[in-house]
Amino acid sequence: MRRGVLFFAAVPVVATAAVFFLAPADSDEPVPGPPAATAGSAREEAKDRAEREREQDDAVIAGLPAGLSAPDKKELAQRLVASADNSTLDWRGLYGSIEDLGDGQGYTAGIAGFCTGTHDLLTLVERYTDDHPGNGLARYLPALREVDGTDSHEGLDPGFTDAWRAEAEVPAFRKAQEEERDRVYFEPSVRLAKLDGLSTLGQFVYYDAIIFHGPDTEEDGFYGLREQAMRQAETPAEGGDEKTYLNAFLDVRREALRNSRDGDTTRVDTAQRRFVEAGNLELATPLEWQVYGDTYQVP
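A few points on the structure. (Residues numbered from 1 in each chain as written. Predicted model: local features only at pLDDT ≥ 70, side-chain atom pairs only at ≥ 80, totals over all residues. Heavy atoms only, no water.)

With that settled, consider the overall build of the chain. The secondary structure content of the chain amounts to 10 helices and 5 strands. For the chain, the proportion of its 299 residues judged to be buried stands at 46%. Intrachain contacts of the chain at a sequence separation of at least 6 include 61% that bridge at least 24 residues. Of the roughly 14800 Å² that the chain leaves accessible, carbon and sulfur atoms contribute 49%. (Helix = DSSP H or I, 4+ residues; strand = E, 2+ residues; numbered from the N terminus. Buried < 20%, exposed > 50% of the residue type's maximum accessible area, 1.4 Å probe, protein only. Contact = heavy atoms within 4.5 Å. Areas by Shrake-Rupley, 256 points an atom, 1.4 Å probe, with all protein chains shown as cover.)

Structural data, given as structure tokens:
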């Protein structure tokens, strides 16, 4: 599903002044860098600043409507994503799904399309095993670490797919999938959308993009797409018009979809774009959309 996954914490870059003592050109003496104490102080300053900024962001978000985080809207978001990724509204039927889509990312599995080639499936199984040692997937951890970042099945075939489907019957693993989906995809994208001043629809636009493209800073990753859109239009938080900004984001994303494996852009053209054009910024139901030529409705 996604081209690549990059996990990182957003920490502001702090520029610090450093004094370098230059040796004469004909000297063999090494040029000392900044004192360790100065470097350590800079790291602590950056950490403190990041914590303060996060606290400020938390205060802003606490005063905003629930938006896509409201239970009914979050449920709708999962159904919308499932329609585009799996041609179904029954996202809960996807816990045990697993197949190689031939997209260079190995096996794609579960409710968020976790991939053996993009680190998120490995992280899911590692965190699940920490809480539930001896589960049916734990024995595949060495192989999952070896194939991470590749499309290889080495060490996984022939038993991994059956083991995944069996473990997906365990309520604890279903819960683990939901928690990892929220931790890596839902919560970061919705949080950022709220800080950008976006409505419930805008929050979904971000969420669908991070699910498909992954939390990557490169040009065709979610954060890269956002940066490109922000160069074309201001976010509402910057004083811009939301529909103008969302159309700019969807334009950028449509181009990324055109360059993806199947080149299909319907999740933008006949779903999200139509919601924007209709002015349905709160994703109010009833809702109707099309993906891959199929029509879906939520009453």
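The antiparallel open sheet is built from 3 strands, whose spatial order is β1-β2-β3. Among the strands making up the open sheet, the edge pair consists of β1 (98-100) and β3 (114-115). Direction of pairing for β1 relative to strand β2 (residues 107-109): antiparallel, over a ladder of 3 bridges. Bridge pairing in β2 places E99 opposite T108. (Pairing = 2+ DSSP bridges.)

This part is about the pairing of strand β5 (residues 294-298). The pairing of strand β4 (residues 287-291) with β5 spans 5 bridges and is antiparallel. Looking at β5, one finds that E288 is bridged to Q297. Hairpin remark: β4 followed by β5, antiparallel, with 2 residues in the connecting loop; positive phi at Y292, about 55 degrees.

One finds L144, F160, W164, Y207, F249, L283 and W289 to be the most contacted residues of the largest nonpolar core, which totals 74 residues. Among the elements that line this core, the one with the most residues is helix α7 (residues 200-213), at 9 residues. Ignoring any residue separated from it by four or fewer positions in sequence, one finds F249 in contact with V205, Y206, A209, F222, L225, R226 and A229. (Core = buried A, V, L, I, M, F, W, Y, C linked by side-chain atoms within 4.5 Å.)

What follows is about the packing of aromatic side chains. Summed over all chains, the structure comprises 13 aromatic pairs. Plain terms: the ring middles of W91 and Y95 are 6.2 Å apart, the flat faces sit at 55 degrees to each other, and that makes the pair tilted. Both residues of the pair, W91 and Y95, count as buried. An angle of 50 degrees between the planes, with centres 4.8 Å apart, marks the rings of Y128 and F173 as tilted. (Phe/Tyr/Trp six-rings, centres within 6.5 Å; stacked < 30°, edge-to-face > 60°.)

Another aspect to go through is empty space enclosed by the protein. Tallying each qualifying case throughout the model produces 1 cavity of 30 Å³ or more. By volume, the largest cavity is sized at about 60 Å³. In terms of lining residues, the largest cavity is bounded by L80, S83, A84, F204, D208, R267, A271, Q272, F275, W289 and V291. Elements that contribute at least two residues to the lining of the largest cavity include exactly α2 (71-86), α7, α10 (266-277) and β4. Here the residues of the lining of the largest cavity sort into 7 nonpolar, 2 polar and 2 charged. (1 Å grid on protein atoms, 1.4 Å probe; cavity = no way out; pocket = protein on both sides within 12 Å on 5 of 7 lines; lining within 4 Å. Points joined across faces, edges and corners; volume = space filled by probe spheres on them. Nonpolar A, V, L, I, M, F, W, Y, C, P; charged D, E, K, R; others polar.)

A surface patch of like charges, here negative, comprises E44, D48, E51 and E55. When you line up the elements, E55 lands in helix α1 (residues 36-62). E55 gets classed as exposed once you look at its relative accessible area, which sits at 54%. (Patch = residues over 30% accessible without salt bridge, like charges linked within 9 Å, V, L, I, M, F, W, Y side chains within 5 Å. Salt bridge = Lys/Arg side-chain N within 4 Å of Asp/Glu carboxyl O. Lys, Arg positive; Asp, Glu negative; His and termini not counted. Charge placed at Lys NZ, Arg CZ, Asp CG, Glu CD.)

Our focus in this paragraph is the packing of helix α8 (residues 222-232) against helix α9 (residues 242-258). α9 packs onto α8 with a crossing angle of 130 degrees between their chain directions and a minimal axis gap of 8 Å. Our classification of the angle between α8 and α9 gives oblique. Crossing handedness for the pair α8 and α9: right-handed. Here α8 contributes F222, L225, R226, Q228, A229, M230 and Q232 to the contact with α9, which in turn contributes Y245, A248, F249, V252, R253 and A256. Residues belonging to the contact of α8 with α9 are distributed by class as follows: 9 nonpolar, 2 polar and 2 charged. (Axes fitted to C-alpha atoms, helices over the stretch in contact; angles between N-to-C directions. Parallel < 35°, antiparallel > 145°, perpendicular 65-115°, else oblique. Left-handed = near helix turned anticlockwise from the far one by under 90°.)

D157 connects to P158 through a cis peptide bond whose omega is 5 degrees. Within the fold, P158 resides in the loop between α4 (141-147) and α5 (160-167). Residue P286 follows T285 across a cis peptide bond; omega there is 5 degrees. Within the element layout of this structure, P286 appears in the loop between α10 and β4. For S87, which is not glycine, the phi torsion reads 55 degrees and is therefore positive. By the element assignment, S87 lies in the loop between α2 and β1.

This part covers the environment of Y206. Within the element layout of this structure, Y206 appears in helix α7. Judged by relative accessible area, Y206 falls into the buried class, the value being 0%. As a C-alpha pair, Y206 and F222 span 16 residues in sequence and 7.8 Å in three-dimensional space. Beyond its immediate stretch of four places on either side in the chain, Y206 contacts S189, L192, A193, D196, L198, F222, R226, Y245 and F249. At a separation of 2.6 Å, a polar atom in the side chain of Y206 contacts the side chain of Y245. (Polar contact = N/O pair within 3.5 Å; in protein donor to acceptor, adjacent residues only side chain to side chain.)

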